[in-house]
Amino acid sequence: MSATEASGNPQVTAGGIGIANLPNQLHKIVTKKGTNFSLMVVGESGTGKTTFINTLLTTELIEPLDDATRRKKQLDKTVDINIHKAELEEKMFSVKLNVVDTPGFGDYVDNNDCWLPVVDFIENQYEQYLRQEQQPVRKGIVDMRVHACLYFIRPNGHTLKPLDVRAMKAIGARVNLIPVIAKADTLSPTALRQFKKRVMDVIDAQSIRIYQPPVESDDDNSELRNREIISAVPFAIIGSTLEVKTEDGRRVKGRQYPWGVAEVENDQHCDFRKLRSLLIRTHMLDLISTTEESHYDKYRTTQMKTRKFGEPKPKKSENKKFREEEEALRKRFTEKVKLEENRFRQWEQKLIAERDRLNKDLEQEHNLVKQLESEIEAISNAGSPNNKFFRK
C-alpha cells in the first residue's frame, strides 16, 4: 500500500478510472436489446387514423378499409381492438412497434361507455405485465403496455363533443394522452387557431390530463424545440401517403386541391413534423419512462393495496354494451323457451286428445265384446241338453 492510499487521500490519474465510459456501455446494451413501443389511436371512423399511421411510418402497416367494409363494421355496434405489429430498424437500432387501432369507436347513435373497451385494454396490459413481474422467472416478459394514445378530434370547427370529453378524461387518467385534430386542411388557418384555443379551454376547464413533455434542457435549441412542440398542442395534422407535385416542381407528400397543395411535412400547413418529433425523435424515451414511472406505477400501487400477492384481479362489472348483449341473449333465450313450451303444450294436448279417442274406441270395442259374449252365452244356454230336460 502506498503512502498516499494509507493517508486516505487517493490520487486519481488525469485520464480517470473509466466511469465516464458507462454511457457508452449503456448505449451498446440498449442498441443491442432494442425497445418496445406501443401506440394507440382512438377516434371516430373517417378521421384519418389509418392514413396517419401509414404516413408516420412511411409504409402501409394498416390496410385501409373500403366504404362497404366500414359500413358493415358499423352494423356490429361494437368497439374492436386490433393490434398491428412491426419491427423498425434504423442505424442498427430496432424498435418493436405495436399499433393499437380501435375501429367502431364513436360510430353509433348511442355511444355511452364506448370508451370502456379502450380503458379495459389499457388496464389489462398493466395487469398482464404485473402478473409477469410476480412470477419466479421473469425472463422474456412480454410488454404490451400502451405508451401513448393519440385521440383524434373531428374538425367540426366548434369545440369538443361530450363524447370526446368523457372519453379523454377516462383515457388520460391511465395513459399518455395526446390530442390530435384530424384533417386540418378542412379548416382555414384562422378557424384552426380558434378551434385549437376552444379545445384547450375545454381541456383545462374539464381537468383532462394530457401528456406534457419536459421543457427544460441543457441545450437551448432543444428547449426552444420543446416549447414549440408544447405550443402546438392539440396537434393539427394532415395525412397522405401519396406524392403530389407543387407549383415550384417539388415532389412532396400531401393533398392536391384546386387552390394548391396541402403539404404533410410543411410546418406552415400542419403540425405533422412536430407530432412525429414528439413520438419518435425527441420524446419516445420520456413517453416510455412516464408510462413506467407514473401510469403503471399508479396502477400497480392501487392493485397491491387492495390485493394479496399473486391474487388475480377481481372481475369488474360488465360494461353497458355487454349487458345489453346479455339482456338480448337472455330475451332471445326466454322467447325460444316460451315457444318450445307452447309447442310442448300443443303436443301434450294432441296426445291427450288422441289418448281419449283411443280410450273411447277401446271402450266401444270392449262393450261390443261384452255384447257378443252375452249373445253367445244366450245361444249356448238355449241349445244345451240340460235346458231341454228341464223344459220337459
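Honestly, unusual backbone geometry in this entry has me stumped. Any pointers?
Peptide bonds are trans in most cases, and residues, glycine excluded, mostly fall at negative phi. Omega for the peptide link from V233 to P234 comes to -5°, which places this bond in the cis form. By the secondary structure assignment, P234 is in the loop between α8 (220-231) and β6 (235-236). Phi at K91 takes a positive value of approximately 55°, unusual for a residue other than glycine. The topology assignment puts K91 in the loop between β2 (82-90) and β3 (93-101). The class for K91 is exposed, based on a relative accessible area of 78%. Backbone geometry places S207, a non-glycine residue, at a positive phi of 55°.

Would you mind going over the nonpolar core with me for this structure?
As a rule of thumb, nonpolar side chains are buried together in soluble globular proteins. With 76 residues, the main nonpolar core has F52, F105, L150, I171, I178, L275 and L279 as its most contacted residues. At seven residues, helix α5 (residues 116-133) tops the list of elements feeding residues into this core. The residues contacting F52, other than those within four sequence positions of it, are L150, F152, I237, F272, L275 and L279.

How should the sheet that holds β6 be read in this particular structure?
Neighbouring strands of a sheet are bound in pairs by backbone hydrogen bonds; such pairs are parallel or else antiparallel. Strand order in the open sheet formed by six strands is β2-β3-β1-β4-β5-β6, and the pairing between neighbours is mixed. Single-partner strands in this sheet number two, and they are β2 and β6. As judged from the seven bridges shared by strand β1 (residues 35-42) and β3, these two strands associate in the parallel manner. Residue pairing in the sheet places T35 in a bridge with V95 of β3. Sitting on the sheet, helix α6 (residues 162-172) is in contact with β1, β4 (148-153) and β5 (177-181), with an inclination near 175° to β4.

Any chance you could explain the packing of helix α3 (residues 49-57) against helix α9 (residues 272-282) here in plain terms?
The relative placement of two packed helices is expressed as an angle between their axes plus a distance between the axes. Relative to each other, α3 and α9 sit at 70°, their axes nearing to 11 Å. Between α3 and α9, the crossing angle belongs to the class labelled roughly perpendicular. Contact with α3, carried on its side by F52, T55 and L56, involves F272, L275, R276, L279 and I280 of α9 and no other residues of that element. Its residues placed into classes, the contact of α3 with α9 shows six nonpolar, one polar and one charged.

Conventions we followed
- Residues numbered from 1 in each chain as written.
- Predicted model: local features only at pLDDT ≥ 70, side-chain atom pairs only at ≥ 80, totals over all residues.
- Heavy atoms only, no water.
- Helix = DSSP H or I, 4+ residues; strand = E, 2+ residues; numbered from the N terminus.
- Buried < 20%, exposed > 50% of the residue type's maximum accessible area, 1.4 Å probe, protein only.
- Core = buried A, V, L, I, M, F, W, Y, C linked by side-chain atoms within 4.5 Å.
- Contact = heavy atoms within 4.5 Å.
- Pairing = 2+ DSSP bridges.
- Axes fitted to C-alpha atoms, helices over the stretch in contact; angles between N-to-C directions.
- Parallel < 35°, antiparallel > 145°, perpendicular 65-115°, else oblique.
- Nonpolar A, V, L, I, M, F, W, Y, C, P; charged D, E, K, R; others polar.

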